Amino acid sequence: MPVNIKDITNVLPRNIHTTYYKCGRLAFTTNSKIATVIITITLIISLSVVINNENFGINNDVYAQFPQAQQRNDTSSSQDKITIQLNSIKFAPLTNSDNNQLKVLADYKTNDPALVNTHMDGVMKVYNPEGTLLKTSTIQKGFVLGESGVIQFATSFADQTIRDVNTEVALTDAFHAEKISNTLKSSASLEK
């Protein structure tokens, strides 16, 4: 049966039969069910306060510090489950089109064996020399990761004024939620 605090405050004064002072404390008799509920609630609140404030003597002000080398290894192992390196980059006009195509080939090596034969994706961001993002593209339909191989990123530009670009390439999980490789930065100029 749910207990309503409003009901307790309304019933409690009517059920007090005697009130007297004994040893400096107020003592009274009440309905036993209400008294049990009040005592239980009081104990729960008291224990919550003790646990939150005291933590049974556990010192929460202690922070673990790793040596710098270990921190770097932990960071690289969590992000660089795959290592990518530049194979080639080409920015040239497409044949039979007015568009220019940027193509980046990256060699990859899987450092985490658990990822082999899983579906992955990748993202390429293209910037102008001033750092303005021009375009973001992903690998069409992703790819199945092997132990090592070559991955191609490609995009095209209709804007003929774009002559120089900077790229950032990284591999991600299939949902683009987690980066799983290092970021590969490169640049290219439009070939004639």
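Remember, predicted model here, so these are calculated numbers, not experimental data.

**A word on the overall build of the protein chain**
- Scanning the protein chain from N- to C-terminus turns up 3 helices and 10 strands.
- By residue count, 24% of the 192 residues in the protein chain fall in the buried class.
- At a minimum sequence separation of 6, the contacts of the protein chain that also span at least 24 residues come to 61%.
- Accessible surface computed for the protein chain: about 13500 Å², of which carbon and sulfur atoms make up 54%.

**Observations regarding the environment of Leu190**
- Position of Leu190 among the secondary structure elements: in the segment after β10 (184–189).
- Separated by 98 residues in the primary sequence, Leu190 and Ala92 have C-alpha atoms spaced 5.4 Å apart.

**Let's talk about the pattern of salt bridges**
- If you walk through the whole model with that rule in mind, you get 2 salt bridges.
- Across the pair Lys81 and Glu178 runs a salt bridge whose closest N-O atoms are separated by 3.3 Å. With Lys81 in the loop between α3 (68–79) and β3 (82–93) and Glu178 in the loop between β9 (164–173) and β10, this residue pair connects regions lying 97 residues apart in the sequence.

**Let's talk about the sheet that holds strand β8 (residues 148–157)**
- As summarised here, the arrangement of the 3 strands in space is β3-β4-β8, forming an open sheet in which the pairing is antiparallel. Sheet topology places β3 and β8 at the edges, where each strand pairs with a single neighbour. Strand-to-strand twist in this sheet, taken as the mean axis angle between neighbours without regard to direction, amounts to 15°.
- For strand β4 (residues 100–110) and β8, the ladder comprises 10 bridges, and the chain directions are antiparallel. Counted as the bridge partner of Lys109 is Ser148 from β8.

**Describing the packing of aromatic side chains**
- Under the criterion given, the structure shown has 2 aromatic pairs.
- Judged by centre distance (6.0 Å) and plane angle (80°), the ring pair of Phe91 and Phe157 falls under edge-to-face. In this pair, Phe91 sits in strand β3 while Phe157 sits in strand β8, placing the two residues 66 residues apart along the sequence.
- Geometrically, the ring pair formed by Tyr108 and Phe143 is tilted, given 6.2 Å between the ring centres and 50° between the ring planes. A residue pair is termed long-range when its members are at least 10 positions apart, and Tyr108 in strand β4 and Phe143 in strand β7 (residues 143–144) qualify at 35 residues.
- The cationic tip of Lys135 hangs over the ring face of Phe157; the distance from NZ or CZ to the ring centre is 5.4 Å.

**A look at the pairing of β10**
- The two faces of β10 differ: Leu184, Ser186 and Ala188 on one face are buried, but Lys185, Ser187 and Ser189 on the other face are not.
- Note that β9 and β10 share 6 bridges and pair antiparallel. Residue pairing across strands places Val165 opposite Ala188, the latter belonging to β10.

**Re unusual backbone geometry**
- At Asn117, a residue that is not glycine, the phi angle is positive and equals roughly 70°.
- Phi is positive for His176, close to 60°, though the residue is something other than glycine.

**Thoughts on the confidence of the model for the protein chain**
- Overall, the prediction assigns the protein chain a mean pLDDT of 76, with 65% of residues at 70 or greater.
- In the model, residues 12–28 has pLDDT below 50 throughout and makes 22 contacts with residues more than four positions away in sequence or in other chains.
- Note on residues 55–78: pLDDT under 50 across the span, and 7 contacts to partners over four residues away in sequence or across chains.

**Notes on the nonpolar core**
- Counting 25 residues, the largest nonpolar core has Ile82, Phe91, Leu102, Phe153 and Leu171 as its most contacted members.
- Taken together, the elements giving at least two residues each to this core come down to β3, β4, β5 (119–127), β8, β9 and β10.
- Looking at which element gives the most residues to this core, the answer is β4, with 4 residues.
- Ignoring sequence-local partners within four residues, the contact set of Phe153 consists of Leu102, Lys103, Val104, Gly122, Val123, Met124, Ile139, Val169, Ala170 and Leu171.

About the cut-offs
Residues numbered from 1 in each chain as written. Predicted model: local features only at pLDDT ≥ 70, side-chain atom pairs only at ≥ 80, totals over all residues. Heavy atoms only, no water. Helix = DSSP H or I, 4+ residues; strand = E, 2+ residues; numbered from the N terminus. Buried < 20%, exposed > 50% of the residue type's maximum accessible area, 1.4 Å probe, protein only. Contact = heavy atoms within 4.5 Å. Areas by Shrake-Rupley, 256 points an atom, 1.4 Å probe, with all protein chains shown as cover. Salt bridge = Lys/Arg side-chain N within 4 Å of Asp/Glu carboxyl O. Pairing = 2+ DSSP bridges. Axes fitted to C-alpha atoms, helices over the stretch in contact; angles between N-to-C directions. Phe/Tyr/Trp six-rings, centres within 6.5 Å; stacked < 30°, edge-to-face > 60°. Lys NZ or Arg CZ within 6 Å of the ring centre and 35° of its normal. pLDDT = per-residue confidence, 0-100. Core = buried A, V, L, I, M, F, W, Y, C linked by side-chain atoms within 4.5 Å.

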